[in-house]
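Next come the chains, spelled out residue by residue.
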Amino acid sequence: MTGKAGTPGNGTPEARRDNAPSPPVPLHPEMDTIQPSHHKATEVREKVVILFAGDSGDGIQLTGSQFTDTNALFGNDVSTFPNYPAEIRAPQGTIAGVSGFQLHFGSVDVFTPGDQCDTLVVMNAAALKANLHKLKKGGIIIANSDGFDTKNLRLAGYKDDANPLTDRSLDNYVLHPVDIAKLTRLALEGTTLGMKEKDRSKNMFVLGFIHWMYGRKLDRSRAFIMDKFKDKPDLLEANLRVLQAGYNYGDTSETFTTRFEVKPAPMPKGEYRNITGNQGVAIGLIAGAQKAGLELFYGSYPITPASDILHELSRNKHFGVKTFQAEDEIAAVCTAIGASYGGGLGATASSGPGIALKTEALGLAVMLELPLVVVNVQRGGPSTGMPTKTEQADLWQAIHGRNGEAPMPVLAASSPTDCFEMAYEAVKLAVEHMTPVMLLTDGYMANGAEPWRFPKAADLRPIKPPFATPREDYEDTEVADGEAPAPDAFLPYERDERGVRPWAVPGMKGLQHRIGGIEKEDKTGNISYDPKNHQLMVNLRAQKVAKIADTYRPIRLDSGPDSGELLVVGWGSTYGAIRTAMLQLQTEGYSVAHVHLRHMFPMNKGLRDLLKRYKKVLVPEMNSGQLRQLLRAEYLVDAQGLNKVQGLPFTAEEIRNAALELLSK
Amino acid sequence: MSTLQPAKPAPKKIDYSSDQQVRWCPGCGDYSILKQVQSVLQEFGRPKEEIVFISGIGCSSRFPYYLDTYGMHGIHGRAPAIASGLRSVQPDVSLWVITGDGDSLSIGTNHLVHVLRRNVDLNILLFNNEIYGLTKGQYSPTSPEGAVTRSTPMGSTDHPFNPLALCKGADASFLARSMDRDPKHLREVLLRAEKHRGTSMVEIYQNCNVFNDGAFEIFTEKASKALHTVFVEHGKPLLFDNGRKGIKLDGFTPKVADLTTGGASVDDLWVHDEHDSFKASLLVRLFDDPHKEGALPRPFGVFYVNERPTHEAKMNAQVALAKQKRGMGDLDVLLRGKQTWTIN
C-alpha cells in the first residue's frame, strides 16, 4: 500500500504487512459460491457487534443494512442502530459529519444493537476518533488508510498530524489499515467509470470484506446490487466487482488470519422477514385499514425521523392508500380529520415539534370523536432539538399536551416489530372507540431493524367500525310542505354501552348532522354553553377513553418473579436494554422483574396491584422522569428513576448498574 | 351568466334550513348570503346527505349549523385542509368551505393558497367584511391602511391583502367577486361556482353592521354603485356608469374611457374573456381606493375560469393505476415483504 496515511513508519506488524502488493482481483464475480478459506482459522462467536462508521456520504448505512439482511437471512437474531448527522452532507472528514451503523447479530437472542462493539470499521480519521470509545479493548479496527491523510487527520482534530494508524496509540486493539480507496480503484481498472464514481463503490469493498470476515455468502448482496442497478449496467458490473474484490481481499491478504463464525440463533419456528419500526408502523396502518374495510388516508408533512412512514405508504397505493403531502403539520392532521369525517381512516405522523403544531387539531378530534391515528416518532427535543437522535421525552406532551380536558389514548411501541403491533392496535382502538389515538415510537426503533415472524392477515384481530345505519325511509322535507313535521333529527352523540358515538358519514341518508369544536349538547351535538352539559360532556369523553382499558389483555411481566425485591418498569425502545440486563440479573439469582408498558394512557388496570408486589420500583427512561411521575401520581408508589437524555439509547450495562445500586440501598 | 342551467333540474324545492336559530347580529350581511346559498342548493336539488359545509372560526363560520346538511365547524383557518381530506375520500359530495377574511387571509392563508394550487373540487365562500367581528372589532388583513379599530386606535399601519390577486397568484381555477347587497348577482355567481369542477373562489363583500358598518357602501349603495363598480360578463365589454363609461386597455394599463364625449366607443373597450389568465391577472388588480380621485371602478362577477384536473381526480387516477399495474393489494404479500427466511 502506498497511500500517504497508510505508509508505515514505526507501524504495527499488521500495518507493515499491509504494505505488500495488492492481491489479484478477479474480474468476473458471477460464481455463486464462496471459495472456502482453508488456510485461515475460524473462531466461533455467540454474538458480534460491528460498528460501521464514515462520512455521511460514504454509504455506510447501505453497507450496514445489507450485512444485516445477510445475517438475518442466515438465521441470526439481529438488532441495528443507524446513527447519522442531521445534515445530508455534513462537512466531510469532520467529527460532525460521521455517520454510523451498529449491527448486533448472534446465535442467541439479541435485544439491543449492543453496548460495545467487537469490530469497528472506519472510513476516515474522524470516524475513528468519534467511535473508538465504543470498541471493546482488544477489538478489531478495520481502517480505510486513505481516510487518514494529513487533511483528514487535521479535520478530525488529531494534533500535530499524529496518525493513530502508525503512532502505536492503538496497540490495545487489533488494527488492520487497508487502503480501500486504492483497492477499489484497482478493482475497477479498465472500466469507463470516472474516479468519483469509482470511489463511490468503496462501501461495496467494505461489504464484501465483512462478508468474508464472518463467513457469509455474497448472494444476498449480489441480488440487491443486481436489482438496484438493473437499469445501469456499468454501475451494476462495477459494484459486483468491488463487492467480490472486498471478499477476495480478506481471503487472500495475509493480513487477516482469522475469520469468525456466528451460527444461526435458536428462534421460534416460522417464517421471518426483517423490518424497521417505520415500516412496521406503515404496514400496521395499512393492515388495520384493510381489516376495518376502510380507505387509509395519510396526511403528512416531511420530518425526521418520521418521513419513511410517508415513503412506505406512498409506495402502496394499490391498497387504496391515499397519501397527502400537506403544506404543513397542521394541514397534515386536518386533512386526516377531514378524511375520517368522510368515512376514511385518517392518519398522520410526525415528530415532537410537528406534534406540537398539530395539538389544536387533536383537541378538535377529541371533540368530534372521530377515528384518527397520530404517530409521534420521538426525537431529541425541545424545539428542533436533535432531529436524528433518539429520546422519549414527549410522553407528557402526548398525554397532557392539549388545552382543556382532552383525554386521548396513548400507546407506546417497544421495538421495530412492536411498531406493527401497536400501529394495528392504534387503528383498532381509534376506529372501534371513535377517538384520536397517539402512538409513540422513537428514532431508535424507527430506523432500527429486527427479524419479524410476521402474522397472517387472517389471524389479525377484526376491526369493526361503529357505522350508523342510514335511514332509507328518510325524505327531505320540501319548502312547500310548510307545517309538515320534520323527521326526527339524527342524534350524532348518542352513545352505546362503551360510551362510543355512531359514525355517520356524508352520503348516509337521513343522518346529516353538524359537529364542531364548540362544546356540544349531549346527544344532539348542537352548540351548548350550558354549565351542567359541559360537565357532563367532559365526563362522558373521559369515561369513554377510560373504558378502553377494559379491552386490554391482563398485565404480563416480560421476565422475572411475580413478586420480589425490584420491579423495573419500562416503556418504549428501552425494551431491549432492560430485557438484556434483567435476564442477566435473574440468571445471577437476583429477585428482579421487568414489566414493559405499551398502554401509556389509560394504563393497564393490573399495574396498580403489580407495583405493590415489589419492594422497589425502578423506571429507566430517556427523559427526566416522565413515566416515573405519572406512576407516582397515579399509584402513590416510590418509583426511582434512571434517566438519560443524551440522544442515545441505554446500554444494558447502565440498566444493570442502576438496578444493582437500587437493590443494595 | 343568465343563460346558465344548473347541473340537474330541481324536481322539488328542498328545505335545507336546520332547526337551529340563526344567531348573527340583526342586519348582518351573512343572512343574505345564507339565503342565496339555500336558493342555489335548491336549484341543484341534491339530497341533504350529499352536501357538506366545512367552516373555520369566525362569525361566518357558524354557517354550517344553519343548514340541514352534513357539516363541520372546524378550527381557525383550517377549513380548506379539513375539506381537502374529506374530498380525497368523498369524490361526489357537494362541498363548500365557509370562511372569512381573518380565517382564511390571516391564520389560515397557508391552507387557502395550497388548496387553490392543488385545485381540490370545492367552493370557497370568503365573507370579507374587513374586520374581526367575533372578537369584537380588531382590524383584519383586508382592512385598509389607516383603519381605526379597537386594536389600531391610531390607524392600522398594515398594508392590506388584495384577496383575489393573492388567489390568482396561487393559480386558482375559478375566481369571482360578489356582494351581500346584490342577491341576484350573488346567486348567479354561486351557481357558477358550484358548477365549476375545481376550487371555486368567491369573495363576497359582506357588511358587518356592528363593527365596520358601511365598509363597502360605495360599491353597494345605489347612489355610488354605478360609478364605482363594473360588473364583468364573459364576451362583453367592461362598461359602467350605466353604459356611459368603460374600461379600455392602454397596453397593459387599464384606463377609463368616457363614451359620451365621442373620444372613445364601445369597440375600444376591454372585452372580458374569463378564460384569459393574463387579463384576469389585470382584472384582480383593479383594486383602487374608491375614495381617491380618478379611482378605477371595482370589478364584480366571474373573473376567471380554468378547467384543469382536480387534485382528487389525479390522486384517484394514481390509485387506480397502481391497482391496475400491481393488482389489488394483498395484505399477506405486504406482511411478507420482499425477502423472508424460514426457521424450522
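### Details of the overall build of chain B
Part 1: A tally of helices and strands in chain B yields eleven helices and twelve strands.
Part 2: Against the compact-globule benchmark of 20 Å for 344 residues, chain B has a radius of gyration of 23 Å, which places it among compact chains.
Part 3: Taking the principal axes of its C-alpha atoms as reference, chain B extends roughly 95 × 50 × 45 Å.
Part 4: Sorting the 344 residues of chain B into buried and exposed places 48% on the buried side.

### A short note on the overall build of chain A
Part 1: Counting secondary structure elements, chain A contains 21 helices and 22 strands.
Part 2: Here the C-alpha atoms of chain A give a radius of gyration of 28 Å, agreeing with the 26 Å that 2.2 N^0.38 yields for 665 residues.
Part 3: Within chain A, the proportion of its 665 residues that are buried is 55%.
Part 4: A sequence separation of at least 24 residues applies to 77% of the contacts in chain A between residues at least 6 apart.

### Describing the packing of helix α2 (residues 60-74) of chain A against helix α8 (residues 219-228) of chain A
Residue and element names in this part refer to chain A.
Part 1: Where α2 meets α8, the axes come as close as 9 Å, and the angle between the chain directions of the two elements is 130 degrees. Regarding the angle of α2 to α8, the classification is oblique. Both α2 and α8 take part in a crossing whose hand is right-handed. Side by side, α2 and α8 meet where Gln66, Asp69, Thr70 and Leu73 of the first sit next to Arg220, Ser221 and Phe224 of the second.
Part 2: Taken together, the residues that form the contact of α2 with α8 break down as two nonpolar, three polar and two charged.

### Here we look at the packing of α8(A) against helix α9 (residues 233-252) of chain A
Residue and element names in this part refer to chain A.
Part 1: Viewed as axis vectors pointing N to C, α8 and α9 meet at an angle of 165 degrees, and their least axial separation amounts to 9 Å. Judged by the angle between their axes, α8 and α9 are roughly antiparallel. The chirality of how α8 crosses α9 is right-handed. Residues Ser221, Arg222, Ile225 and Met226 of α8 lie in contact with α9, whose contacting residues are Leu236, Asn239, Leu240 and Leu243.
Part 2: Within the contact of α8 with α9, the residues separate by chemical class into five nonpolar, two polar and one charged.

### Examining the nonpolar core
Part 1: Core analysis: the biggest nonpolar cluster contains 260 residues, and A:Leu285, A:Ile337, A:Val373, A:Val427, A:Leu439, A:Met600 and B:Leu175 have the highest contact counts within it.
Part 2: For this core, the element with the most residues is helix α15 (residues 416-433) of chain A, which contributes ten residues.
Part 3: The residues contacting B:Leu175, other than those within four sequence positions of it, are B:Leu164, B:Cys167, B:Lys168, B:Met201, B:Ala280, B:Val284, B:Phe303 and B:Tyr304.
Part 4: By size, the runner-up hydrophobic cluster in this structure holds seven residues, among which are B:Ile131, B:Tyr132, B:Ala147 and B:Phe211.

### Description of the interface of chain B and chain A
Part 1: Every contact between the two is made by 56 residues of chain B and, on the other side, 67 residues of chain A.
Part 2: Those elements that provide at least two residues to the side of chain B that touches chain A are β2 (70-73), α2 (79-89), α4 (109-118), α10 (311-326), α11 (331-336) and β12 (341-343) of chain B.
Part 3: Sorting elements by how many residues they give to the side of chain B that touches chain A places α2(B) first, with eight residues.
Part 4: Taken together, the residues of the side of chain B that touches chain A sort by class into 23 nonpolar, 20 polar and 13 charged.
Part 5: Pairing geometry for strand β9 (residues 270-276) of chain A and β12(B), over three bridges, is antiparallel. Its bridge partner lying in β12(B), A:Gly270 is registered against B:Ile343.

### Describing the environment of A:Gly510
Part 1: Here A:Gly510 lies in the loop between β16 (449-452) and β17 (514-516).
Part 2: Aside from chain neighbours lying at most four places away, what touches A:Gly510 is A:Pro470, A:Arg471, A:Tyr474, A:Pro487, A:Phe490 and B:Glu49.

### With respect to the sheet that holds strand β3 (residues 94-100) of chain B
Hydrogen bonds between backbone groups are what pair the strands of a sheet, and the pairing can be parallel or antiparallel.
Part 1: Strand order in this open sheet of nine strands is β17(A)-β2(B)-β1(B)-β3(B)-β4(B)-β6(B)-β5(B)-β11(B)-β7(B), and the pairing throughout is mixed. Strand pairing shows two members of the sheet lacking a second neighbour, β17 of chain A together with β7 (229-232) of chain B, which therefore form its edges. Direction aside, neighbouring strands of the sheet carry axes that sit 20 degrees apart on average.
Part 2: Pairing of strand β5 (residues 174-179) of chain B with strand β6 (residues 199-205) of chain B involves six bridges; the strand directions are parallel. Counterpart to B:Leu175 in the pairing with β6(B) is B:Met201.
Part 3: Strand contacts of α2(B): β1 (51-55), β2, β3 and β4 (122-128) of chain B, with the helix running at about 170 degrees to β3(B), the strand carrying the most contacts.

### Focus: the environment of A:Asn539
All names here are of chain A.
Part 1: Of note, Asn539 is situated in helix α17 (residues 531-546).
Part 2: The exposed category is assigned to Asn539, around which 12 C-beta atoms lie within 10 Å.
Part 3: Linking Asn539 and Trp571, residues 32 residues apart in sequence, is a C-alpha distance of 28 Å.

### A word on the confidence of the model for chain A
In low-pLDDT regions, the fine details of the predicted coordinates are not to be read closely.
Part 1: The pLDDT averaged across chain A works out to 91; a share of 93% of its residues lies at or above 70.
Part 2: A low-confidence stretch, residues 1-35 of chain A (pLDDT under 50), is modelled with 67 contacts involving residues beyond four sequence positions or located in other chains.

### As for the sheet that holds strand β3 (residues 77-83) of chain A
Residues and elements named next belong to chain A.
Part 1: If you walk across this open sheet you meet the six strands as β3-β4-β2-β5-β6-β7, and the pairing is mixed. Of all the strands in the sheet, the pair left with one neighbour each is β3 and β7 (174-178). Across this sheet, the average inter-strand angle for adjacent strands is 15 degrees, counted without regard to direction.
Part 2: Pairing geometry for β3 and strand β4 (residues 98-106), over seven bridges, is antiparallel. Residue pairing across strands places Phe81 opposite Gln102, the latter belonging to β4.

### A look at the pairing of β7(A)
Residue and element names in this part refer to chain A.
Part 1: The element β7 is largely enclosed, with a buried count of four among its five residues.
Part 2: Here strand β6 (residues 135-144) pairs with β7 via five bridges, running parallel. Within β7, the residue paired with Asn144 across the bridge is Val178.
Part 3: Where the polypeptide runs from β6 across helix α4 (residues 150-156) and back to β7, its parallel neighbour, the crossover connection is right-handed.

### Section: helix α18 (residues 575-587) of chain A
Each full turn of the α-helix corresponds to 3.6 residues, which orients residues three or four apart in the same direction.
Residue and element names in this part refer to chain A.
Part 1: Under the 1.5 Å per step criterion, the end-to-end length of α18 is 18 Å for 13 residues, consistent within 8% with the ideal 18 Å.
Part 2: Here α18 has its buried residues at Tyr575, Gly576, Ala577, Ile578, Arg579, Thr580, Ala581, Met582 and Leu585.
Part 3: Lining the buried residues of α18 we find β3, β18 (564-571), β19 (592-597), β21 (614-621) and α21 (652-664).

### Some details on the environment of B:Gly329
Residues and elements named next belong to chain B.
Part 1: Along the chain, Gly329 falls in the loop between α10 and α11.
Part 2: On the basis of neighbour counts, which here come to 17 C-beta atoms within 10 Å, the residue Gly329 falls in the partly exposed class.
Part 3: Spatially, the C-alpha atoms of Gly329 and Ala215 are 57 Å apart, while their sequence positions differ by 114 residues.

### Topic: unusual backbone geometry
Residues and elements named next belong to chain A.
Part 1: Pro305 follows Thr304 through a cis peptide bond whose omega is 0 degrees.
Part 2: For Pro305, the location among the structural elements is in the loop between β10 (296-300) and α11 (307-314).
Part 3: At the junction of Phe601 and Pro602, the peptide bond is cis and its omega measures out at -15 degrees in the coordinates.
Part 4: With respect to the helices, strands and loops of the structure, Pro602 is situated in the loop between β20 (599-601) and α19 (607-612).
Part 5: Although it is not a glycine, Glu369 adopts a positive phi angle of roughly 55 degrees.
Part 6: When you line up the elements, Glu369 lands in the loop between α13 (352-368) and β13 (372-378).
Part 7: The exposure class assigned to Glu369 is buried, which follows from the 25 C-beta atoms found within 10 Å.
Part 8: In this structure, Met434 is a non-glycine residue whose phi angle is positive, near 50 degrees.

Rules and cut-offs
- Residues numbered from 1 in each chain as written.
- Chains lettered and ligands numbered in written order.
- Predicted model: local features only at pLDDT ≥ 70, side-chain atom pairs only at ≥ 80, totals over all residues.
- Helix = DSSP H or I, 4+ residues; strand = E, 2+ residues; numbered from the N terminus.
- Rg over C-alpha atoms; globule rule 2.2 N^0.38 Å.
- Buried ≥ 20, exposed ≤ 12 C-beta atoms within 10 Å, placed from the backbone.
- Contact = placed C-beta atoms within 7 Å.
- Axes fitted to C-alpha atoms, helices over the stretch in contact; angles between N-to-C directions.
- Parallel < 35°, antiparallel > 145°, perpendicular 65-115°, else oblique.
- Left-handed = near helix turned anticlockwise from the far one by under 90°.
- Nonpolar A, V, L, I, M, F, W, Y, C, P; charged D, E, K, R; others polar.
- Core = buried A, V, L, I, M, F, W, Y, C linked by C-beta atoms within 7 Å.
- Pairing = 2+ DSSP bridges.
- pLDDT = per-residue confidence, 0-100.
- Right-handed = clockwise from strand over helix to strand, strands pointing away.
- Expected span 1.5 Å × (residues − 1).

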